[in-house]
Amino acid sequence: LSLSLNGSRSRRGRRRRRRTMSSSSSSKKQTLFISTLIISWYSSNIGVLLLNKFLLSNYGFKFPIFLTMCHMSACAFLSYISIVFLKLVPLQHLKSRSQFLKVATLSVVFCASVVGGNISLRYLPVSFNQAVGATTPFFTALFAYLMTLKREAWVTYGALVPVVAGVVIASGGEPGFHWFGFIMCISATAARAFKSVLQGILLSSEGEKLNSMNLMLYMSPIAVVALLPVTLVMEPDVISLTLTLAKQHQYMWILLLVNSVMAYSANLLNFLVTKHTSALTLQVLGNAKGAVAVVISILIFQNPVTVMGIGGYSITVLGVVAYGETKRRFR
């Protein structure tokens, strides 16, 4: 009887150890998977930003609207492949004309934000572009209040003061400051925030909500249709000059293709990181991503920076972190 009991305990112990080892192995795989996702997300976001800057400022490809249309074309094609054929997420259908008009409105606003951001990269260094882009929470809070009368705690609004003050300081210390580029960057940041608030209003009902991948599937082709006439009017020589540039630089088409695919990858990985972590984690990682992009861009493009510029950007980032924390606590 004693031997039987000892044998039973031994078997239970072995099963317990196997379960513990299996759980530990599963946890390590999950950690590795999420870490890979985050690194890929950082790489695609920072990569498309730096490649945009390289193409628009250093390479001689001065067509930000056409570049945005290339991005949207890639997003439309790859979204269709990912959802319809690879089935990364279930396909959601637009259920009414009203829903289509809402998505079309979002698409136009989204186009404005991307085009504005790309135009600003022609005139501003990436570091300053990211500093201005960090003020997105300020515009989001402003539009949320104006459009929905949604109020936050006063402490939360107080955290936005250093967000704006930091950009003002960074602007004064930016050697490569350009007024038109600054206006376009601010406009792009405001449009991005406006799109976020508008999306929450237009697609608020349960029957009309679309996940970000399906929203991109429907927004992208609408964006291409909207951008095509704008490109032909504002950049009429884009085809001939691009072909001339392609003859001078043999990797021109490869750069455009890689850039466009990376633009889609950034959206896909943004969705996957949110799905496998949380919106709060994404916000924290996004703040850190901006700082990483600034450091890498300075190392690559060697644009001059000042202590005042670095200090202003640091104040803005700290303000964004404080805003996110106070919003979470006083919700």
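Quick summary incoming for the structure in this document. Predicted model only: the values in this text are computed from it and were never measured.

So, the overall build of the chain
Phase 1: From N to C terminus, the chain includes 13 helices and zero strands.
Phase 2: For the chain, the N- to C-terminal ordering of α and β elements is α-α-α-α-α-α-α-α-α-α-α-α-α.
Phase 3: Along the longest, intermediate and shortest principal axes, the C-alpha atoms of the chain span 90 × 45 × 45 Å.
Phase 4: Taken over 331 residues, the chain has a buried fraction of 45%.
Phase 5: Taking as baseline every contact in the chain between residues at least 6 positions apart, the subset at least 24 positions apart corresponds to 86%.
Phase 6: Surface accessibility of the chain: about 17,700 Å² in total, with carbon and sulfur atoms responsible for 68%.

Section: the state of the cysteines
Phase 1: Within the structure shown, the criterion is met by zero disulfides.
Phase 2: Its sulfur unpaired, C70 is 11 Å from the next cysteine sulfur, which belongs to C75.
Phase 3: For C111, which is in no disulfide, the shortest distance to another cysteine sulfur is to C75 and amounts to 10 Å.

What about the nonpolar core?
Phase 1: In terms of nonpolar packing, the biggest core is built from 63 residues, with L55 and F61 touching the most fellow members.
Phase 2: If you list the elements that add at least two residues to this core, you get helix 1 (2-58), helix 2 (64-85), helix 3 (97-123), helix 8 (179-202), helix 9 (212-234), helix 10 (238-248), helix 11 (252-276) and helix 12 (279-301).
Phase 3: Sequence-distant contacts of F61, defined by excluding residues within four places in its chain, comprise L55, L56, F66, L67, T242, L245, M252 and L256.
Phase 4: Counting residues in hydrophobic clusters, the runner-up holds 11 residues, among them F128, V167, C185 and V317.

Brief notes about the packing of helix 4 (residues 126-133) against helix 8
Phase 1: Taken N-terminus to C-terminus, the directions of helix 4 and helix 8 make an angle of 40°; their axes are 9 Å apart at the nearest point. Between helix 4 and helix 8, the crossing angle belongs to the class labelled oblique. Helix 4 and helix 8 meet at a crossing whose hand is right-handed. Where helix 4 approaches helix 8, its residues F128, N129, V132 and G133 are matched on the opposing element by F182, C185, I186, T189 and R192.

Some remarks on the packing of aromatic side chains
Phase 1: Within the structure shown, the criterion is met by 14 aromatic pairs.
Phase 2: Between Y80 and F85 the ring centres are 5.8 Å apart and the planes differ by 70°, which places this aromatic pair in the edge-to-face class.
Phase 3: Using a relative accessible area of 43% as the deciding quantity, one classes Y80 as partly exposed.
Phase 4: Members of the aromatic cluster, joined through ring pairs, are F128, F177, W179 and F182.

Quick word on the environment of F54
Phase 1: As for its position among the elements, F54 is in helix 1.
Phase 2: Looking at F54, the relative accessible area reads 30%, which means it is partly exposed.
Phase 3: Sequence-wise, F54 and F301 are 247 residues apart; in three dimensions their C-alpha atoms are separated by 8.7 Å.
Phase 4: Setting aside residues up to four positions removed in sequence, F54 forms contacts with Y59, L255 and F301.

Reading guide: rules and limits
- Residues numbered from 1 in each chain as written.
- Predicted model: local features only at pLDDT ≥ 70, side-chain atom pairs only at ≥ 80, totals over all residues.
- Heavy atoms only, no water.
- Helix = DSSP H or I, 4+ residues; strand = E, 2+ residues; numbered from the N terminus.
- Buried < 20%, exposed > 50% of the residue type's maximum accessible area, 1.4 Å probe, protein only.
- Contact = heavy atoms within 4.5 Å.
- Areas by Shrake-Rupley, 256 points an atom, 1.4 Å probe, with all protein chains shown as cover.
- Disulfide = S-S within 2.5 Å.
- Core = buried A, V, L, I, M, F, W, Y, C linked by side-chain atoms within 4.5 Å.
- Axes fitted to C-alpha atoms, helices over the stretch in contact; angles between N-to-C directions.
- Parallel < 35°, antiparallel > 145°, perpendicular 65-115°, else oblique.
- Left-handed = near helix turned anticlockwise from the far one by under 90°.
- Phe/Tyr/Trp six-rings, centres within 6.5 Å; stacked < 30°, edge-to-face > 60°.

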